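Geometric and topological summary
Single-letter residue listing:
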Amino acid sequence: MRIDINICWVASQHGYCTTTCPPSLLGSLMVAAFLQNPHTLLGKRFVCTPPPDEDDAEEYEGAWEVQSYSTQVREGRVDEEYVVAVESLGGASLPMGRDEVEFRLKHSTLVG
């Protein structure tokens, strides 16, 4: 079992001490790594917080997780499909393409 803890160094009166940092958005390298190896998304839970000025921001907001991932060739083109459970929709599972999962990842924190 792997546990990732984000540690911050905080200046104090007596030098530096460590504390747990609040979660931060996934970096572009982590987003790219997840998309390059989509099986690594399985079993992870994210919370999406899109910019408020984004169209349909409320659709994306909240916890989500990838339940499955598949690829197939359609008309000579590789097609990727993710099945994503979305908490804001009562945990309903929805099929999504790579672009939608990428958008969610760019505006998400990893929580589990």
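Everything numeric here is computed off the predicted structure, so don't read it as measured data.

**What to know about the side chain of H107**
Summarising the element assignment, H107 is placed in the loop between α3 (98-106) and β7 (108-110). For H107, the residues in contact, after removing those within four places along its chain, are L25, V47, C48, T49, P50 and P51.

**What about the packing of helix α1 (residues 28-36) against α3?**
Where α1 meets α3, the axes come as close as 10 Å, and the angle between the chain directions of the two elements is 150 degrees. Comparing the axis directions of α1 and α3 gives the class roughly antiparallel. Relative to α3, α1 is oriented so that their crossing is right-handed. Residues V31, F34 and L35 of α1 touch α3, and the partners they reach there are R98, V101, E102, L105 and K106. Residues belonging to the contact of α1 with α3 are distributed by class as follows: five nonpolar, no polar and three charged.

**Observations concerning the confidence of the model for the chain**
Atom-level detail of predicted coordinates should not be read off regions where pLDDT is low. Per-residue confidence for the chain gives a mean pLDDT of 82, with 79% of residues at or over 70. Residue range residues 1-14 is modelled with pLDDT below 50. Its contacts to residues more than four positions away, or to other chains, number 21 contacts.

**Examining α1**
Of the positions making up α1, those classed as buried are V31, F34 and L35. Looking down the long axis of α1, one finds its buried residues gathered within 95 degrees of arc, a one-sided arrangement. Within α1, the exposed residues directed more than 90 degrees away from the buried face are L29 and Q36. For α1, the secondary structure elements touched by its buried residues are β3 (46-48), β5 (77-86) and α3.

**Comments concerning the pairing of strand β4 (residues 62-74)**
Every other side chain in a regular strand lies on the same face of the sheet, so the side chains alternate between the two faces. Inspection of the sheet shows β3 paired to β4 by three bridges, in the antiparallel sense. The partner of V47 across the bridge, within β4, is A63. In this structure, β4 lies alongside β5, joined through ten bridges in antiparallel fashion. Across the sheet, residue V66 finds its bridge partner in β5, namely V84. Two successive antiparallel strands, β4 and β5, enclose a turn made up of two residues, where E75 displays a positive phi of approximately 50 degrees.

**Focus on unusual backbone geometry**
In this structure, E75 takes a positive phi of about 50 degrees despite not being glycine. For E75, the position within the fold is in the loop between β4 and β5.

**Concerning the nonpolar core**
L41, F46, W64, Y82, V84, V101 and L105 are the most contacted members of the largest nonpolar core, which totals 17 residues. Broken down by secondary-structure element, the contributors of at least two residues to this core are α1, β3, β4, β5 and α3. Once residues within four sequence positions are removed from consideration, W64 is found in contact with K44, R45, F46, V47, C48, V84, A85, V86, V101, R104, L105 and S108.

**Brief notes about the side chain of E80**
Secondary-structure assignment places E80 in strand β5. Here the side chain of E80 touches Y69 through a polar contact of 3.1 Å, side chain to side chain. What E80 contacts, discounting residues up to four positions off in sequence, is Y69, S70, T71, M96, G97 and R98.

Parameters and conventions
Residues numbered from 1 in each chain as written. Predicted model: local features only at pLDDT ≥ 70, side-chain atom pairs only at ≥ 80, totals over all residues. Heavy atoms only, no water. Helix = DSSP H or I, 4+ residues; strand = E, 2+ residues; numbered from the N terminus. Contact = heavy atoms within 4.5 Å. Axes fitted to C-alpha atoms, helices over the stretch in contact; angles between N-to-C directions. Parallel < 35°, antiparallel > 145°, perpendicular 65-115°, else oblique. Left-handed = near helix turned anticlockwise from the far one by under 90°. Nonpolar A, V, L, I, M, F, W, Y, C, P; charged D, E, K, R; others polar. pLDDT = per-residue confidence, 0-100. Buried < 20%, exposed > 50% of the residue type's maximum accessible area, 1.4 Å probe, protein only. Arc of directions from axis to C-beta. Pairing = 2+ DSSP bridges. Core = buried A, V, L, I, M, F, W, Y, C linked by side-chain atoms within 4.5 Å. Polar contact = N/O pair within 3.5 Å; in protein donor to acceptor, adjacent residues only side chain to side chain.

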